[in-house]
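# Structural overview
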Amino acid sequence: MDEQKTKIINRLRRIEGQVKGIERMLDSEQCCSDILVQVAAVRSAINKVGSLIFERYAQNCLAGAATPEGQQQALSELIKTMNSFIKGGGGN
């Protein structure tokens, strides 16, 4: 496993721990503002993971394109993926 993938997996495990912590906070009826601070932290952490995965995808996507046509197709696919990631990153 490459170093970047290991970092992403470690971040996801920390996020998992944070989410379990939020669940415990809810179970013990902690202050809502404290819970919301933790929810915001998880949201920020998951956005960072998404950015790291997108960066990794971009590097792999463009590296595999050997011809100018392949590079153009890879770039189009990269832009499509980026737009999808950005749209999904809104505060629903």
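Now for a description of the structure that goes with this document. Since the structure is predicted, the reported quantities are computational estimates derived from the model, not experimental observations. (Residues numbered from 1 in each chain as written. Predicted model: local features only at pLDDT ≥ 70, side-chain atom pairs only at ≥ 80, totals over all residues. Heavy atoms only, no water.)

## Some thoughts on a nonpolar patch on the surface
A cluster of nonpolar residues, Leu 62, Leu 75, Ile 79, Met 82, Phe 85 and Ile 86, forms a patch on the protein surface that exposes about 490 Å² of accessible area. With five residues, helix α3 (residues 68-88) is the largest single contributor of residues to the nonpolar patch. For Met 82, the location among the structural elements is in helix α3. Under the relative-accessibility criterion, Met 82 is labelled partly exposed at 32%. (Patch = residues over 30% accessible without salt bridge, like charges linked within 9 Å, V, L, I, M, F, W, Y side chains within 5 Å. Areas by Shrake-Rupley, 256 points an atom, 1.4 Å probe, with all protein chains shown as cover. Salt bridge = Lys/Arg side-chain N within 4 Å of Asp/Glu carboxyl O. Helix = DSSP H or I, 4+ residues; strand = E, 2+ residues; numbered from the N terminus. Buried < 20%, exposed > 50% of the residue type's maximum accessible area, 1.4 Å probe, protein only.)

## What about the packing of aromatic side chains?
Any pair of aromatic rings gets described here by the distance separating the centres and the angle formed by the planes. Going through the model one piece at a time under the given rule, you end up with one aromatic pair. Taking 6.2 Å as the distance between ring centres and 10° as the angle between the ring planes, the aromatic pair formed by Phe 54 and Phe 85 counts as stacked. Taken together, the positions of Phe 54 in helix α2 (residues 32-63) and Phe 85 in helix α3 put the pair 31 residues apart, joining distant regions of the chain. On the basis of relative accessible area, Phe 85 is assigned to the partly exposed category, the value being 35%. (Phe/Tyr/Trp six-rings, centres within 6.5 Å; stacked < 30°, edge-to-face > 60°.)

## Remarks on unusual backbone geometry
Excluding glycine, residues mostly carry a negative phi; peptide bonds, for their part, are mostly trans. Phi is positive for Glu 29, which is not a glycine, with a value near 55°. Tracing the chain through its elements places Glu 29 in the loop between α1 (3-27) and α2.

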